[in-house]
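Structure assessment
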Amino acid sequence: MPTVAVVGGGVTGLTAAWALAQVGIEVILLEAGDRLGGVIRTDRLDGVPVEAGPDAFLAGDALVSLCSSVGLEEDLISPDVFGAYIWSGGRLRRLPPGVVLGLPAWPVQALREGLLSPIGALRAAAEVLVPGPLRGGDVSVGALVRRRFGREVLEGLVDPLMAGRRAGHTDDMSLQAADAKVDGLARSHRSILLGIRRGRRSGELSGEPPPFLAPRGGMERLVDALTRSLRGRLGPGCIRTGALVTRVSSRREGFTLDLQGNGPLDADGVVVCLPAPQAARVLLGLSGDASRELEGIPFASTAVATFVYPPASCVLPPHGSGFLVPSSEGRALAACTWYSVKWSASAPADGGIVLRAFVGRAGIDPALSLDDDGLAALLERELGDALRPTAPPRLAQVTRWEDSLPQYRVGHPARVARIERALEGHPRLALAGAAYRGSGIPDCVAGAEVAARRVLNALAP
Ligand SMILES: Cc1cc2nc3c(=O)[nH]c(=O)nc-3n(C[C@H](O)[C@H](O)[C@H](O)COP(=O)(O)OP(=O)(O)OC[C@H]3O[C@@H](n4cnc5c(N)ncnc54)[C@H](O)[C@@H]3O)c2cc1C
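Residues numbered from 1 in each chain as written. Predicted model: local features only at pLDDT ≥ 70, side-chain atom pairs only at ≥ 80, totals over all residues. Heavy atoms only, no water.

Turning our attention to the overall build of the chain. Looking only at helices and strands, the chain has 16 helices and 20 strands in total. Projected onto the principal axes, the alpha-carbon positions of the chain cover approximately 70 × 55 × 40 Å. For the chain, buried positions account for 53% of its 461 residues. Long-range pairs, those at least 24 residues apart, make up 72% of the contacts in the chain with a sequence separation of at least 6. Of the roughly 19,500 Å² that the chain leaves accessible, carbon and sulfur atoms contribute 52%. The averaged location of the 48 negative side-chain charges in the chain is 6 Å from the averaged location of its 49 positive side-chain charges. (Helix = DSSP H or I, 4+ residues; strand = E, 2+ residues; numbered from the N terminus. Buried < 20%, exposed > 50% of the residue type's maximum accessible area, 1.4 Å probe, protein only. Contact = heavy atoms within 4.5 Å. Areas by Shrake-Rupley, 256 points an atom, 1.4 Å probe, with all protein chains shown as cover. Lys, Arg positive; Asp, Glu negative; His and termini not counted. Charge placed at Lys NZ, Arg CZ, Asp CG, Glu CD.)

Here it is in structure tokens:
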């Protein structure tokens, strides 16, 4: 029976292992840390489950069927509120519903909310006059939006939605990788605005809030359910924590994996489910070209601070689950979620208010060099400016995620194609994870399933 090693025990590695386990081969999952789940972690704070990393995933067939296959189908819940605000000019302003990549289908709505000045809204509306469509290779989100919609749309709407959430910079962010839909619209329509409106009318582009889901009780339940199912199917030895893979090298018809502090492991196939910098290191001996290209995908660091405020101490605006902050505001805070409003099932019993604050801007964010107390104090001040709580938080916790958010720079899809070409000579090895075709959990799950299939096909007699 062939053995496949899966390297990395985040959601990508767990999904790849589960996909491989369905066909009755031997699977060994190797995770460097002492816990599984990677950036998915649910803590207990003030008596309730609170996420330290992701708090939901976009509902899609692959993910819902993965949840069903591990017995979570009855336990998926949606956020209690949708909608977002933008903190700009000292006020929280409602983000018009149905924006695509931050581009307003009707600039006048953003004008009404105070998100664009009259001149900014006029400039955005004049997009229909800018010559198009887009031709040639990949461009940056910043270059496209600035040229077609003007600076205000870029800085006030697109930056907080795209760059803020991904700790990136719109001026080097690949449009093709960041939003293939908008890239497609820019290439197929003379005007993106008209393309969005046409897409809305035909139903191709939804104006509805995207359907997010999470397991009741926290995201870590997905990790636990996958782990339990894997052990149930393959036996307890199929998962090894504390197993840091330092090198993958090829041997006749298969691979040898070197493990730090442990003997080597032979496998007939390998699925590498690591962030790009780690994947670059372990694959250096196998393919220098793939390794160099992987090194060219930078990962940014981020931190999440969770605050619990006393009951009734903050008045949170209705119809929203949080706010985003444009980089041009010069704040450390990139976004804030009103967690106990968004997930009322996880609200403290006494009505305490849970807020999650996100930090991490493009490049090296000076806020991240503060120690935990300093960072919490800075974020508390900034939250105070935005929400004017009447009492200080009764609890604060900072979680740091080093090198956790991949940066898709201009030309990213072509780089991914080069990596895959460089590894073509090793059909029994596949890569999956946030570094390649989308960093959301559904993208990671889809990538893991494709990678598992590639290795299985190559192993098939
Ligand atoms: C703060 C934050 C919030 C997010 N919010 C959302 C959200 O709400 N919704 C959403 O869809 N996505 C969200 N994402 C993105 C998504 O969570 C991640 O892209 C995804 O979970 C990555 O999973 P992964 O398994 O590919 O990588 P990781 O979770 O990074 O796991 C990689 C694993 O590999 C292990 N490892 C590293 N090196 C080695 C080695 N040499 N040998 C063995 N093991 C090794 C690590 O210890 C780790 O466990 C968020 C990400 C962050 C950081």
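Attention shifts here to the packing of helix 1 (residues 11-21) against helix 16 (residues 441-459). One way to put it is that helix 1 packs onto helix 16 with a least axis distance of 8 Å and a crossing angle of 40 degrees. Looking at the two axes, helix 1 sits oblique to helix 16. Along this stretch, helix 1 crosses helix 16, giving a crossing that reads as right-handed. Note on element contacts: helix 16 touches helix 1 through I441, C444, V445, A448, E449, A452 and L456, opposite V11, T12, T15, A16, A19 and L20. Its residues assigned to classes, the contact of helix 1 with helix 16 comprises 10 nonpolar, two polar and one charged. (Axes fitted to C-alpha atoms, helices over the stretch in contact; angles between N-to-C directions. Parallel < 35°, antiparallel > 145°, perpendicular 65-115°, else oblique. Left-handed = near helix turned anticlockwise from the far one by under 90°. Nonpolar A, V, L, I, M, F, W, Y, C, P; charged D, E, K, R; others polar.)

Moving on: the site of the ligand. Near the ligand, the surroundings consist of 33 residues, among which T12, E31, A56, S439 and I441 are the closest. Here an oxygen atom of the ligand sits 3.1 Å away from a polar atom, N or O, in the main chain of V11. Here E31 contributes a side-chain N or O atom positioned 2.7 Å from an oxygen atom of the ligand. Protein chains bury 85% of the 1,000 Å² of accessible surface belonging to the ligand in isolation. Residue assignment for the shell around the ligand shows that the elements contributing at least two residues are helix 1, strand 19 (395-406) and helix 16. Of the residues assigned to the shell around the ligand, the class counts are 19 nonpolar, 12 polar and two charged. Two domains share the shell around the ligand, each providing at least three of its residues, namely domain 1 (3-55 + 218-297 + 408-459) and domain 3 (299-406). (Near = heavy atom within 4 Å. Polar contact = N/O pair within 3.5 Å; in protein donor to acceptor, adjacent residues only side chain to side chain. Domains from an automatic or database assignment.)

Moving on, we get to the sheet that holds strand 17 (residues 333-338). With respect to topology, seven strands assemble into an open sheet ordered 8-7-16-17-18-15-19, the strand pairing being mixed. Taken across any chain shown, the strands that pair with only one partner, and hence form the sheet edges, are strand 8 (91-94) and strand 19. Shown here is a sheet whose adjacent strand axes are inclined to one another by a mean of 25 degrees, direction ignored. Pairing analysis gives two bridges linking strand 7 (residues 85-88) to strand 16 (residues 322-324), with the strands arranged parallel. Note on strand 16: the bridge partner recorded for I86 is L324. (Pairing = 2+ DSSP bridges.)

This paragraph deals with the pattern of salt bridges. Going through the model one piece at a time under the given rule, you end up with 19 salt bridges. A salt bridge links R151 to E155, with the nearest nitrogen and oxygen atoms 3.1 Å apart. Within this pair, R151 and its partner E155 are both found in helix 6 (residues 151-166), separated by four residues, close to a single helical turn. Residue D266 is joined to R251 by a salt bridge in which the shortest nitrogen-to-oxygen separation is 3.8 Å. Placement of D266 in strand 13 (residues 262-267) and of R251 in strand 11 (residues 245-251) is noted, with a sequence separation of 15 residues between them. (Salt bridge = Lys/Arg side-chain N within 4 Å of Asp/Glu carboxyl O.)

Quick look at the nonpolar core now. Formed by 54 residues in total, the largest nonpolar core has its most connected members in V6, L20, F57, L230, V271 and I441. Broken down by element, the residue count for this core peaks at nine residues, all from helix 16. Here this core gathers at least three residues from each of two domains, domain 1 (3-55 + 218-297 + 408-459) and domain 3 (299-406). Setting aside anything within four residues of it in sequence, one finds V271 in contact with V4, A5, V6, V7, A16, L20, A430, A451 and V455. Judged by nonpolar contacts, the second largest core, of 37 residues, contains L95, L101, L115 and V158. (Core = buried A, V, L, I, M, F, W, Y, C linked by side-chain atoms within 4.5 Å.)

Moving on: the sheet that holds strand 14 (residues 269-272). The strands that make up a sheet are held in pairs by hydrogen bonds between backbone atoms, and each pair lies either parallel or antiparallel. Read across the open sheet, the five strands follow the order 10-2-1-14-20; overall the sheet is parallel. The open sheet is flanked by strand 10 (239-240) and strand 20 (429-431), the only strands paired with a single partner. The pairing of strand 14 with strand 20 spans three bridges and is classified as parallel. Considered in strand 20, the bridge of V271 is made with A430.

Going residue by residue along strand 7, you find Y85 and W87 tucked away on one face and I86 and S88 tucked away on the opposite face as well. The pairing of strand 7 with strand 8 spans four bridges and is classified as antiparallel. Among the inter-strand pairings, Y85 is bridged to a residue of strand 8, identified as R94.

Everything listed here is a matter of coordinates, which is why it stays silent on function.
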